[in-house]
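Structural overview for review
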Amino acid sequence: MKNLSSPYFKFLALACVCLVLTVSACNHDTAAADEDAAVKSQTPVTVTSINNGTMADSITLNATSSFMQKSYVKANAIGYIQKVYIKPGQYVSAGQLLFTIKTKEAQSIGNTINVLDTTFKFSGVNRIKAASSGYITQLLHQVGDYVQDGEQLAAISDKESFAFVMQLPYELQSTLHNNQDITLTLPGGRTLSGRVASVLPSVDTLSQTQGVVIRVNSVDPIPENLVARAHIIKSAKSNVPSLPKSAVLANETQTDFWVMKLINDTTAIKVPVQKGIETTSQVEVLSPKFSPTDRIVVTGNYGLADTAKVKIVKP
């Protein structure tokens, strides 16, 4: 029997110890690598929960500002325009002097009649005044122009007739009952409160839209032909379960919809859903019924497979 204290056995024992240490280190490194790989395979996501509140299905239509009534200033005699008291865009009141016209005869005769009879006081000058208040939107003649009797000189847009005309698709005519008060958004973000005054008795042949007259109250003057956006509510519901729009995913044809729901802190599963009313930020969830404690992935959900590994991060 060999001596256990011999150099041979000492070397063999040292080799065994080194082998055990090497195997242990390799196993530890492999486990650490596997753990790192598992962490890296988790997709960082943020989560939300179901929300209950009021939702409305609405559309946005164009409404164009317009003066519904215009009065036309016309010459009351044949002659020459002697003086013009207005300019385009000016606001005039009813009864305000707009033009003076010297008749053709007075222009030809001059002061001959007055020389012959000083008591006659003939001038041959006609004064034309505004029939209604409003803005001068057309000015067709200037001083010195020769005009015929009844010829148009200017156009006045009646301030009281100012309104927005909204083009409403005829199939949505029933929605007007719930939209008597309409909010208009002007270019630049300014909003106006309006109310439906009347519906025009005609439909556009091509677009099949009907004009709806909306009266507004505005301290500042609004130019004609300005296009505003009218917010029309088609339907509204209260106590509706909804999720942020980004939480609901869809296929390419927009026929199937689903959300990614967390079943634990690291696993998300695919849950098909049925949508209802949709706004710019929220989507109504008709089915299934989620509880307030359910966690739904709201960001990082795009492209996730069923039972995907995730990591919850703070938004």
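Our subject is the structure listed above.
Notes on the structure in this doc start here. What you are looking at is a predicted structure, and each value in this text was computed from that prediction instead of being measured.

In this section: the overall build of the protein chain. Assigned secondary structure in the protein chain consists of three helices and 22 strands. By the burial criterion, 32% of the 315 residues in the protein chain qualify as buried. In the form shown here, the protein chain has an accessible surface area of approximately 19400 Å², with 54% of it arising from carbon and sulfur atoms.

To continue, consider the sheet that holds strand β9 (residues 146-147). Sheet architecture is open: four strands sit in the order β7-β6-β4-β9, paired in antiparallel fashion. Each of the sheet's edge strands pairs with one partner strand only, and the pair in question is β7 (125-129) and β9. Pairing analysis gives five bridges linking strand β4 (residues 79-84) to strand β6 (residues 97-103), with the strands arranged antiparallel. Considered in β6, the bridge of Val84 is made with Phe99.

Bringing the sheet that holds strand β3 (residues 70-74) into the picture now. To summarise the sheet geometry, strands pair through backbone hydrogen bonds and adopt either a parallel or an antiparallel arrangement. Pairing in this open sheet of four strands is antiparallel, and the strands run β3-β10-β8-β5 from one edge to the other. Both edges of this open sheet fall to β3 and β5 (91-92), since each of them pairs with a single strand only. Direction of pairing for β5 relative to strand β8 (residues 134-139): antiparallel, over a ladder of two bridges. What sits directly across from Tyr91, in β8, is Tyr135.

Now for the packing of aromatic side chains. Summed over all chains, the structure comprises five aromatic pairs. Arranged with centres 5.1 Å apart and planes meeting at 55 degrees, the rings of Tyr80 and Tyr146 form a pair that is tilted. On the criterion of sequence distance, the pair formed by Tyr80 in strand β4 and Tyr146 in strand β9 is long-range, its members being 66 residues apart. According to the relative accessible area criterion, Tyr80 is partly exposed, its value standing at 32%. One aromatic cluster is present, formed by Phe67, Tyr91, Tyr135, Phe162 and Phe164 through successive ring pairs. Stacked on the ring of Tyr91, the Lys or Arg Lys159 has its end atom at 5.3 Å from the ring centre. Lying over the aromatic face of Trp258, Lys270 brings its terminal NZ or CZ to 4.1 Å of the ring centre.

The next thing to look at is the layout of surface pockets. Looking at the largest pocket, its volume works out to about 390 Å³. As for the largest pocket, its lining consists of 17 residues, and the residues nearest its centre are Tyr135, Lys159, Phe162, Pro221 and Ile222. Where the lining of the largest pocket is concerned, the elements lending two or more residues are β8 and β14 (209-216). The biggest single contributor to the lining of the largest pocket is β8, with three residues. Class assignment of the residues belonging to the lining of the largest pocket gives a composition of nine nonpolar, four polar and four charged.

Take the nonpolar core next. In globular proteins that are soluble, nonpolar side chains generally tend to be buried together. Membership of the largest hydrophobic core comes to 21 residues, with the highest contact counts inside it found for Phe164, Met166, Ile182, Leu184 and Ile214. Within the residue set of this core, elements represented by two or more residues are β2 (51-67), β11 (162-169), β12 (181-185), β13 (191-203), β14 and β15 (227-244). The greatest single-element share of this core, amounting to four residues, is contributed by β11. Residues within four places of Leu184 in sequence aside, it is in contact with Ala63, Phe164, Arg190, Thr191, Leu192, Ile214, Val216, Ala228, Arg229 and Ala230. In terms of nonpolar packing, the next biggest core, distinct from the first, is built from 17 residues, Ile81, Val92, Ile128 and Ala154 among them.

Within the element layout of this structure, Ile78 appears in the loop between β3 and β4. With 68 residues separating them in the primary sequence, Ile78 and Tyr146 have C-alpha atoms 7.7 Å apart. Not counting residues within four places of it along the chain, the set of residues in contact with Ile78 comprises Thr103, Lys104, Tyr146, Val147, Gln148 and Asp149.

Quick look at the side chain of Gln282 now. Take Gln282: it is sitting in strand β20 (residues 282-287). Side chain to side chain, Gln282 and Ser242 meet in a polar contact 2.9 Å long. Filtering out sequence-adjacent residues up to four positions away, Gln282 remains in contact with Asn51, Met55, Ser242, Leu243, Pro244, Lys245 and Ile277.

The next subject is the pairing of β8. By the bridge criterion, five bridges tie β8 to strand β10 (residues 152-158) in an arrangement that is antiparallel. Paired with Gln138 across the bridge in β10 is Ala155.

Conventions used here
Residues numbered from 1 in each chain as written. Predicted model: local features only at pLDDT ≥ 70, side-chain atom pairs only at ≥ 80, totals over all residues. Heavy atoms only, no water. Helix = DSSP H or I, 4+ residues; strand = E, 2+ residues; numbered from the N terminus. Buried < 20%, exposed > 50% of the residue type's maximum accessible area, 1.4 Å probe, protein only. Areas by Shrake-Rupley, 256 points an atom, 1.4 Å probe, with all protein chains shown as cover. Pairing = 2+ DSSP bridges. Phe/Tyr/Trp six-rings, centres within 6.5 Å; stacked < 30°, edge-to-face > 60°. Lys NZ or Arg CZ within 6 Å of the ring centre and 35° of its normal. 1 Å grid on protein atoms, 1.4 Å probe; cavity = no way out; pocket = protein on both sides within 12 Å on 5 of 7 lines; lining within 4 Å. Points joined across faces, edges and corners; volume = space filled by probe spheres on them. Nonpolar A, V, L, I, M, F, W, Y, C, P; charged D, E, K, R; others polar. Core = buried A, V, L, I, M, F, W, Y, C linked by side-chain atoms within 4.5 Å. Contact = heavy atoms within 4.5 Å. Polar contact = N/O pair within 3.5 Å; in protein donor to acceptor, adjacent residues only side chain to side chain.

Without other data, these values stay purely geometric and don't point to any function.
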